[in-house]
Amino acid sequence: MTDLTYLPDRTALEAAGLGVEHRRGWALRDCSFRIPAGRICALVGPNGAGKSTLLSLAAGLRRPTTGALHVFGGARPSDRAARPRIGYVAQDKPLYPHLTVGETLRVGEELNPATWDWATAERIVAAGDLPPAARIGSLSGGQRTRVALALALGKRPELLLLDEPLSDLDPLVRHEMTAELMSAAAEHATTVVMASHVLAELDGVCDYLLLVADGRIRLAGEVEDLLSVHSLVMGRHEAEGLPREFTGHTVVESRVTGRQITALLRTDGPVAGEWEVAEPSLEELLLAHLRSPDAPPLLTPGAEPRMNVPAPKEAV
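Residues numbered from 1 in each chain as written. Predicted model: local features only at pLDDT ≥ 70, side-chain atom pairs only at ≥ 80, totals over all residues. Heavy atoms only, no water.

## What about the sheet that holds strand S8 (residues 208–213)?
For clarity, the cut-off: Two strands qualify as a pair provided DSSP detects at least 2 bridges between them. Going along the chain from the N terminus, every DSSP run of H or I of four or more residues is numbered as a helix, and every run of E of two or more is numbered as a strand.
Ordered in space as S5-S6-S7-S3-S8-S9-S14, the seven strands form an open sheet in which the pairing is mixed. Taken across any chain shown, the strands that pair with only one partner, and hence form the sheet edges, are strand S5 (86–89) and strand S14 (298–299). Relative to S14, strand S9 (residues 216–222) runs parallel, the two being bridged by two bridges. Within S14, the position partnered with Ala220 by the bridge is Leu299.

## Re the environment of Lys93
The condition is simple: Note on contacts: a residue pair is in contact if any heavy atoms of the two residues lie within 4.5 Å.
If you trace the backbone, Lys93 turns up in the loop between S5 and helix H2 (101–111). Considered as a pair, Lys93 and Val147 are 54 residues apart in the sequence and their alpha carbons are 9.2 Å apart. Setting aside chain neighbours within four positions, we find Lys93 in contact with Thr145, Ala148, Glu164, Pro165 and Asp168.

## Here we look at the pattern of salt bridges
Applicable threshold: In what follows, salt bridge is the name for a side-chain nitrogen of Lys or Arg lying within 4 Å of a carboxyl oxygen of Asp or Glu. A 1.4 Å probe rolled over the protein chains alone gives each residue an accessible area, and that area as a share of the maximum for its type sets the label: buried under 20%, exposed over 50%, partly exposed in between.
A complete count under the given rule lists seven salt bridges for this structure. For Glu158, the salt bridge goes to Arg85, with nearest N and O atoms at 2.8 Å. Placement of the pair is Glu158 in the loop between helix H4 (141–154) and strand S6 (159–163) and Arg85 in the loop between strand S4 (66–71) and S5, with a sequence separation of 73 residues. When its relative accessible area of 37% is taken as the criterion, Glu158 is described as partly exposed. Residue classification places Arg85 among the partly exposed residues on the basis of a relative accessible area of 30%.

## Some words on helix H7 (residues 282–291)
Counted only if it meets this: The directions considered for the arc are those from the helix axis to the C-beta atoms.
Taken together, the buried positions of H7 are Leu282, Leu285, Leu286, Ala288 and His289. Along H7, the residues classed as buried sweep out an arc of 165° about the axis, all on the same side.

## Some thoughts on the nonpolar core
Formally: The criterion is simple. A nonpolar core is a set of buried Ala, Val, Leu, Ile, Met, Phe, Trp, Tyr and Cys residues joined through side-chain atoms within 4.5 Å.
Counting residues in hydrophobic clusters, the biggest one holds 51 residues, and the most contacted among them are Val44, Leu162, Leu202, Leu209 and Leu286. Top contributing element to this core by residue count: H4, with six residues. When near neighbours in sequence (up to four residues on either side) are disregarded, Leu286 contacts Val44, Leu199, Leu202, Leu209 and Leu211. By size, the runner-up hydrophobic cluster in this structure holds 33 residues, among which are Cys31, Val71, Leu161 and Leu210.

## Considering the packing of aromatic side chains
Definition in use: Only Phe, Tyr and Trp rings are paired, with Trp represented by its six-membered ring, and only when their centres lie within 6.5 Å; those with planes under 30 degrees apart are stacked, over 60 edge-to-face, the remainder tilted. Here, a charge over a ring means that NZ of Lys or CZ of Arg falls within 6 Å of the ring centre while also lying within 35 degrees of the ring normal.
Counted under the stated rule, the structure contains two aromatic pairs. With a centroid separation of 5.8 Å and 85° between ring planes, the pair formed by Trp116 and Trp118 is classed as edge-to-face. Accessibility expressed as a relative area gives 27% for Trp118, which makes it partly exposed. Relative to Trp275, the ring of Phe246 has its centre 5.3 Å away and its plane inclined at 45°; by these criteria the two rings are tilted. One end of the pair, Phe246, is in the loop between strand S10 (230–236) and strand S11 (250–257); the other, Trp275, is in the loop between strand S12 (260–266) and strand S13 (276–278), and 29 residues separate them in sequence. In this structure, Phe246 and Trp275 share a single accessibility class: buried. Here the basic side chain of Arg29 rests over the ring of Trp26, its NZ or CZ set 4.8 Å away from the ring centre. If you follow Arg85 out to its NZ or CZ, it ends over the ring of Phe72, 3.9 Å from the centre.

## Let's talk about the sheet that holds S4
Put simply, the rule reads: The angle between two axes is taken between their N-to-C directions and runs from 0 to 180 degrees, where each axis is a line fitted to C-alpha atoms and a helix contributes only its stretch in contact.
Taken in spatial order, the three strands make up an open sheet running S2-S1-S4, and their pairing is antiparallel. Unpaired on one side and paired on the other, strand S2 (25–36) and S4 mark the two borders of the sheet. Across the sheet, the mean angle from the axis of one strand to that of its neighbour is 20°, orientation sign disregarded. Relative to S4, strand S1 (residues 11–22) runs antiparallel, the two being bridged by five bridges. Bridge assignment links Ala15 to a residue of S4, and that residue is Leu69. Relative to S1, helix H1 (residues 51–58) is tilted by about 120°, and along the sheet it contacts S1, S2 and S4.

Encoded structure:
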């Protein structure tokens, strides 16, 4: 049995050396990170990066090939005691089409009798003007999304996993549902891990970040900490190559337009010279790292895993 050692802390989700191998290769490889309890975590990455695979592992629907993934400071997601504490909304939001909205919510109560929250579930459904007698199969994609979220939040999970939950909603409803999610999470101190492609809408909503690219963790940690160690640097530059003032800093991305250079730096102290320096927005940070997959990964101290597991096996 794997020897695990934990420091006393409140951890919602933790991975060390995590890997998942498919027939076509590795979906995830050597992923290590920690998400403290109570965070709203954005899970970001290009298509095929491994986001859905990671969420299905955290939901206890599959097992890793290498390494370990644990919830709540030590349990496996598939453990009987852990499952009632985890809510999961998959990308395809599977629901029984022949059931009505009301019957679907009653199924949620029957499956979660100890924690079911009728007030929350009914509030989410009512906000979409969904009649309880409407059959799931007759609903639009956005309406089914609302029912799926009502089921997930009605369960009162401690850890809520959302795989592109709002992608089929129009902008106004997406904004309203995001506010509902955040309100429910704050009310019950729920940890939320939300995969999303809508980068602009993550700013101001999420306080924690996991950026996955090519099956590996590229950035992990508190959003404020990650932003504070990066600088957006702009100024005039006519020479070949990068400005010498950038030496000693990690250049994540640089772009030249005419005689102007704009670069995202992971700074090690002040940037010398006459440059316009600003802290990047979350969207600017994410886009730069997504466009630069070879940039060195960064985990803030709070995101470093605290469990000891054997080193992952090398792929053949």
